[in-house]
Amino acid sequence: GLHDECQYLFQPQLIVQRAVAVPALYPEYTTEQLLPAHNRSALYKVFVPQYTSGLRVRLLGCRIGQRSVESCPLLIRLRAKAPPLHNSSSQDCSAPAVCQLLVAMPLWQHWYYVLVERTSISAAIYFQLNTQLQDCSRPGLSRSSSGPSSSLNMPQSFGGGLSSLEGLPAPGFPLSAANMSWVDPTILQPSCWPIRPTLRNELDTFSVHFYIFFGPNVVVPPDRSALFSINLLPVLDSGGVLNLEIRLNTVSKD
């Protein structure tokens, strides 16, 4: 139990470097860009709204001076909420015919940052950037009027967003960029999950309960998944624990 007293000084320090005046990319618009000879990279951003099921960023029309090139000496990186790092999602534009990055189920209500880097050639490089989103917010986007409707756990009156259930993955099949409907490189095919909103109710300072609209009973069809939207606040819900309770209704069980 014998010990010497020790005095110490703890002084934390936080240094933040902000990226300002980052050009914004607008979905469905193709913009002309220039990477000057003295710049190694260029940074852009695109905003992903709610009920977006897919994000695609494409680099097109690569030119060195006035000469078009098939092998573009550029690399694109993509990251959510912050500029990309060396280990972020990337695509080398010197190899594929279509240089693009696909993100399945991107983070809603956040900026995605696109970094374009040169891999060689210290010359001015001209290129085009195009971004596209798969929008699942409006039922009117559905491709088929005979497909499933709001009976699949989606009360459309609450604006939760069911665009199209056509092409949904089978149960247990992971949703990824590989199995989404990115068939035509120029057109995004709707491929949306049925989303059911929830109501947030703060019970006390440290407890929040989420109620399901038209619940608590939920019908999960054998060939579809049920997706629920839970709104977590960035400060109040930080460091919390999310408890999910599921009970099987044996009364109505076949």
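Residues numbered from 1 in each chain as written. Predicted model: local features only at pLDDT ≥ 70, side-chain atom pairs only at ≥ 80, totals over all residues. Heavy atoms only, no water.

Under the UniProt heading Sequence similarities (unreviewed entry), the note attached to the protein is "Belongs to the TMEM8 family." (UniProt positions renumbered as here; feature names shortened; annotations may be inferred.)

**Section: the overall build of the protein**
Helix and strand counts for the protein come out as zero helices and twelve strands. Helices (α) and strands (β) of the protein occur, in sequence order from the N terminus, as β-β-β-β-β-β-β-β-β-β-β-β. Here the protein, with 254 residues, has 32% of them falling under the buried criterion. A separation threshold of at least 6 residues defines the contact pool for the protein, and within that pool the share at least 24 residues apart is 72%. Surface accessibility of the protein: about 16,800 Å² in total, with carbon and sulfur atoms responsible for 54%. (Helix = DSSP H or I, 4+ residues; strand = E, 2+ residues; numbered from the N terminus. Buried < 20%, exposed > 50% of the residue type's maximum accessible area, 1.4 Å probe, protein only. Contact = heavy atoms within 4.5 Å. Areas by Shrake-Rupley, 256 points an atom, 1.4 Å probe, with all protein chains shown as cover.)

**Remarks on the packing of aromatic side chains**
Going through the model one piece at a time under the given rule, you end up with two aromatic pairs. For the ring pair F47 and W111, a centre distance of 5.3 Å and an interplane angle of 65° mean the geometry is edge-to-face. Pair noted here: F47 is in strand β2 (residues 41-48) and W111 is in strand β8 (residues 110-118), with a separation of 64 residues, a long-range link. Residue W111 is classed as partly exposed on the basis of its relative accessible area of 31%. (Phe/Tyr/Trp six-rings, centres within 6.5 Å; stacked < 30°, edge-to-face > 60°.)

**Comments concerning a nonpolar patch on the surface**
A surface patch of nonpolar side chains, about 400 Å² in accessible area, is lined by I230, L232, L242 and L244. Tracing the backbone through its elements, the reader meets L242 in the segment after β12 (227-229). (Patch = residues over 30% accessible without salt bridge, like charges linked within 9 Å, V, L, I, M, F, W, Y side chains within 5 Å. Salt bridge = Lys/Arg side-chain N within 4 Å of Asp/Glu carboxyl O.)

**Re the state of the cysteines**
Under the defined criterion, the tally for this structure stands at two disulfides. The residue that forms a disulfide with C62 is C72, at a sulfur-sulfur distance of 2.1 Å. Disulfide C62-C72: the torsion about the S-S bond is 70°, which places it as right-handed. Taken together, the residues span a long stretch of sequence, with C62 in strand β3 (residues 52-64) and C72 in the loop between β4 (67-68) and β5 (74-80) at a distance of ten residues. In this structure C72 comes out as buried when scored by relative accessible area, which is 3%. Between C93 and C99 runs a disulfide, and the two sulfur atoms are separated by 2.0 Å. Where C93 bonds to C99 through sulfur, the torsion about that S-S bond is close to -55°, and the disulfide is left-handed. (Disulfide = S-S within 2.5 Å.)

**Points about the sheet that holds β5**
Ordered by their spatial adjacency, four strands build an open sheet running β2-β8-β5-β6, and the pairing between neighbours is antiparallel. Only two strands of the sheet have a single partner each, and these edge strands are β2 and β6 (89-92). Between one strand axis and the next, the sheet turns through 20° on average, direction left out of account. Inspection of the sheet shows β5 paired to β8 by seven bridges, in the antiparallel sense. Residue pairing for β8: A80 is matched across the bridge by Y112. (Pairing = 2+ DSSP bridges. Axes fitted to C-alpha atoms, helices over the stretch in contact; angles between N-to-C directions.)

**Observations concerning the environment of L60**
Looking at the element boundaries, L60 is found in strand β3. Residue classification places L60 among the partly exposed residues on the basis of a relative accessible area of 24%. In the structure, L60 is positioned 38 residues away from V98 in sequence and 7.7 Å away in space, judged by C-alpha atoms. Among residues more than four places away in sequence, those in contact with L60 are F127, Q128 and N130.

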